[in-house]
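Structure at a glance
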Amino acid sequence: MCGIVGYIGTQQAAPLLLEGLTRLEHRGYDSAGLAVLGATSSSSLKVAKKAGRVRDLQGDLPKRFAGKVGIGHTRWATHGPANDVNAHPHVDAKGDVAVVHNGIIDNASTLRQQLTADGVTLASDTDTEVLAHLIGRSSAETLEGRVAEALAQVDGTYGLAVVHADFPDRIVVARNGSPLIIGVGEKEMLVASDLAALVRHTTTVAHLEDGELATLTASGFTTYRTDLTRAPREATEVDVDPSAYELSGEGEHESFMHQEMREQPAAAERVLRGRLDERFGTAHLGGLNMDARETRAIRRVKILGCGSAYYVGQMGASLIEELARIPADAEAASEFRYRDPVIEADTLYVAVSQSGETIDTLLAVQEIRRKGGRVIGLVNVVGSAIAREVDGGIYLHSGPEVAVASTKALTNMFLGFSLLALQLGRVRDLSIADGKRLIGALTTLPEQMGEVLEQEDALAEVARTLAEAESLFFVGRVRGFPVAREGAQKFKEISYRHAEAYQTSELKHGPLALISPDVPTVAIVPADELTDRNVGALHEIAARGGPLVVVTHADVDLGEVVCTRIDVPRSERELDPILLTIPLQLLAYHAALHLGHDIDKPRNLAKSVTVE
Ligand code: AGP
């Protein structure tokens, strides 16, 4: 949440910072700002900031905004509304210090009161501004000393970057709970909260750790602990293709979400590649760091994730129970830590996250590890905080995901869980024949995903009708329920329609009261042991005049039910949920497109939720 970028070197900073912010905008997009410094100590700090998008800031940038040192920020509001004053950078009373910050200062209100009592006038409603004043008022001789002195007074999380007119040869950055990556260039250094802002300039990077500060000058970087003792850190090469962060050149996709949905078959092939063992009907997941004996000793699996990752976690729990016969469930990571959970030695905890940064999931992982539990990760972003914190894991290999609405990463989470369930099952009672049956089905899935995506035009038409409704239900049972939850999540996230997920079986216990010709239901009805009961529920909805869209398999007989039918290819029952999910992504996407919304940057949201 919130994007930070900084530059020091031989080029003008502002154009580079604006370009970097554009690439980080998915992390927060309610306002943006820049601060730049010239090379001499007489040069004053220049700040420009504005509510709205980076392009609004760009259009408004003063003509004279020169400087080869600078920091930039794109904001997702936590303290105070999205307006020009609350936008970052924040400056101290003299206008010498500028700070950009990602995270939350928990004791900001106390610090604001203390500063006010000392005669400081705070300009904004933000927690960040206190940092600028604390740094500005410090009498330490070095900028590093001033930042460290200020940080000693704050509780909370931060990734921050600071420039100071008295120290024009450096940017000082610090991290505690919010990511910061240093990029090493030729006579220039960059810093950003996400690799996306660096890869066009350099792939030589160093990750700052929690509790560390760093000084960037044009010729290099130095890392410290908060007591300013040296904490040497090496920069390494990252293996990324910068074009993976771009919309494909042919203009085929008007949004990242569309591109990312379309990439799903290829992404699915990547997560499966080299991990299926056809001979023994099992999966190879070396990264789990568990031998067969340890795997057999697992008595329970607890999956933790947030939002859509939590819903896919529910799909994963079903897969593990069915294939490995180990009791498994998923829980919202955001709630887990606060109920003082009992951590069991024979439970395998699984954290699932695209970004690997979601603070609620990261804190849940830390809670488990603090209590001695074993936790593995299903994570997309290599080297992210969760990936580094867990005991082992499975990388998802989806490639960078830019759209706030997650699609290809979720698909690969499901496949990651399929691999895990297969491996857990095969060291227990899953037969080699069943293992081979599933491997056959997994291998076919990418092609079947492609078949679902080919139905886009028909789905777009259905979506345009659904978009007219103010309120919708998404319903499913057992394996189909998390599919319905994910479908409702995607629909509300980008279409802003009220979409509620229910177990189909629960409708008659209350929500049926809301069914009417104005309230459509999207029902998940796979060919499985519950088909007849699901079809029965469709009759009950239709009898009350509720319009129906049914996502099903071609061989399911829906009888006389009047509905719009969407058929997806059949896989093995355990794997059906993912093929049933993909049409729901397209429904959400085309509803949002029809309503004219910004698909990749839905209102009020941001990619990578790094605040609690
Ligand atoms: C998905 O469409 C959402 N934007 C959101 O629920 C997301 O899945 C959640 O915030 C978790 O993110 P993570 O996978 O990066 O941890």
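Provided above is the structure to which this section pertains.
Below: a short report on this structure. (Residues numbered from 1 in each chain as written. Predicted model: local features only at pLDDT ≥ 70, side-chain atom pairs only at ≥ 80, totals over all residues. Heavy atoms only, no water.)

Topic: the sheet that holds strand β2 (residues 31–37)
Spatially, the eight strands line up as an open sheet ordered β3-β2-β4-β1-β10-β9-β11-β14, and their pairing is antiparallel. A single partner strand is all that each edge strand has here, and the edge strands are β3 (46–51) and β14 (236–237). As paired elements, strand β1 (residues 3–8) and strand β10 (residues 189–192) share four bridges and run antiparallel to each other. Bridge pairing in β10 places Y7 opposite L190. (Pairing = 2+ DSSP bridges. Helix = DSSP H or I, 4+ residues; strand = E, 2+ residues; numbered from the N terminus.)

Topic: the nonpolar core
In terms of nonpolar packing, the biggest core is built from 89 residues, with V301, I320, F417 and L420 touching the most fellow members. Among the elements that line this core, the one with the most residues is helix α18 (residues 576–594), at eleven residues. (Core = buried A, V, L, I, M, F, W, Y, C linked by side-chain atoms within 4.5 Å. Buried < 20%, exposed > 50% of the residue type's maximum accessible area, 1.4 Å probe, protein only.)

Some remarks on the side chain of E25
For E25, the location among the structural elements is in the loop between α1 (13–24) and β2. Residue classification places E25 among the buried residues on the basis of a relative accessible area of 6%. Apart from the residues lying within four places of it in its own chain, the contact partners of E25 are R53, V54, T74 and K601. (Contact = heavy atoms within 4.5 Å.)

A look at the pattern of salt bridges
Scanning all chains against the criterion turns up 42 salt bridges. One salt bridge in this structure joins R262 and E456, with 2.6 Å as the shortest N-O distance. One end of the pair, R262, is in helix α6 (residues 256–262); the other, E456, is in helix α15 (residues 456–467), with 194 residues separating them in the sequence. The exposure class of E456 is buried, given its relative accessible area of 8%. Of the charged contacts in the structure, one is a salt bridge between E470 and R497, with a shortest N-O distance of 3.6 Å. Of this pair, E470 sits in the loop between α15 and β22 (471–476) while R497 is found in the loop between α16 (480–495) and β23 (498–503), placing the two residues 27 residues apart along the sequence. Residue classification places R497 among the buried positions, given a relative accessible area of 17%. Linked by salt bridges that have partners in common, E322, R479, D528, E529 and R573 make up one network. (Salt bridge = Lys/Arg side-chain N within 4 Å of Asp/Glu carboxyl O.)

Observations concerning the environment of R53
Among the structural elements, R53 can be located in the loop between β3 and α2 (54–60). Residues R53 and T74, spaced 21 residues apart in sequence, show a C-alpha to C-alpha distance of 8.1 Å. Once residues lying within four places of it in the same chain are set aside, the contact partners of R53 are E25, Y29, D598 and K601.

Details of the site of the ligand
Taken together, 15 residues surround the ligand, and among them S353, Q354, S355, T358 and E493 come closest. The contact in question runs from a nitrogen atom of the ligand to an N or O atom on the backbone of V404, over 2.8 Å. Between the ligand and the protein, one listed contact pairs an oxygen atom with a side-chain N or O atom of Q489 at 2.9 Å. Contact with the protein chains covers 89% of the free accessible surface of the ligand, which is 410 Å². Of all elements in the fold, only α9 (308–324) and α16 reach the threshold of two or more residues within the shell around the ligand. The element that contributes the greatest number of residues to the shell around the ligand is α16, accounting for three residues. Per-class residue counts for the shell around the ligand are five nonpolar, eight polar and two charged. (Near = heavy atom within 4 Å. Polar contact = N/O pair within 3.5 Å; in protein donor to acceptor, adjacent residues only side chain to side chain. Areas by Shrake-Rupley, 256 points an atom, 1.4 Å probe, with all protein chains shown as cover. Nonpolar A, V, L, I, M, F, W, Y, C, P; charged D, E, K, R; others polar.)

Focus on the packing of aromatic side chains
Across all of its chains, the model carries four aromatic pairs by this definition. When the ring of F336 is compared with that of Y349, the centres are 6.5 Å apart and the planes differ by 55°; the resulting orientation is tilted. Here the residue F336 occupies a position in helix α10 (residues 333–336), and Y349 occupies one in strand β19 (residues 347–353), the gap between them amounting to 13 residues. The class of F336 is buried, set by a relative accessible area of 1%. Its relative accessible area of 2% is what places Y349 among the buried residues. (Phe/Tyr/Trp six-rings, centres within 6.5 Å; stacked < 30°, edge-to-face > 60°.)

So, the pairing of strand β12 (residues 212–217)
Of all six residues that make up β12, six are buried, and the element is covered over most of its length. Where burial is concerned, the two faces of β12 agree: the one with E212, A214 and L216 and the one with L213, T215 and T217 are both buried. Alignment of strand β8 (residues 171–176) against β12, held across five bridges, turns out to be antiparallel. Its bridge partner being in β12, R175 is matched across the sheet by E212. Of the strand pairs in this sheet, β12 and strand β13 (residues 220–225) are connected by six bridges, and their pairing is antiparallel.

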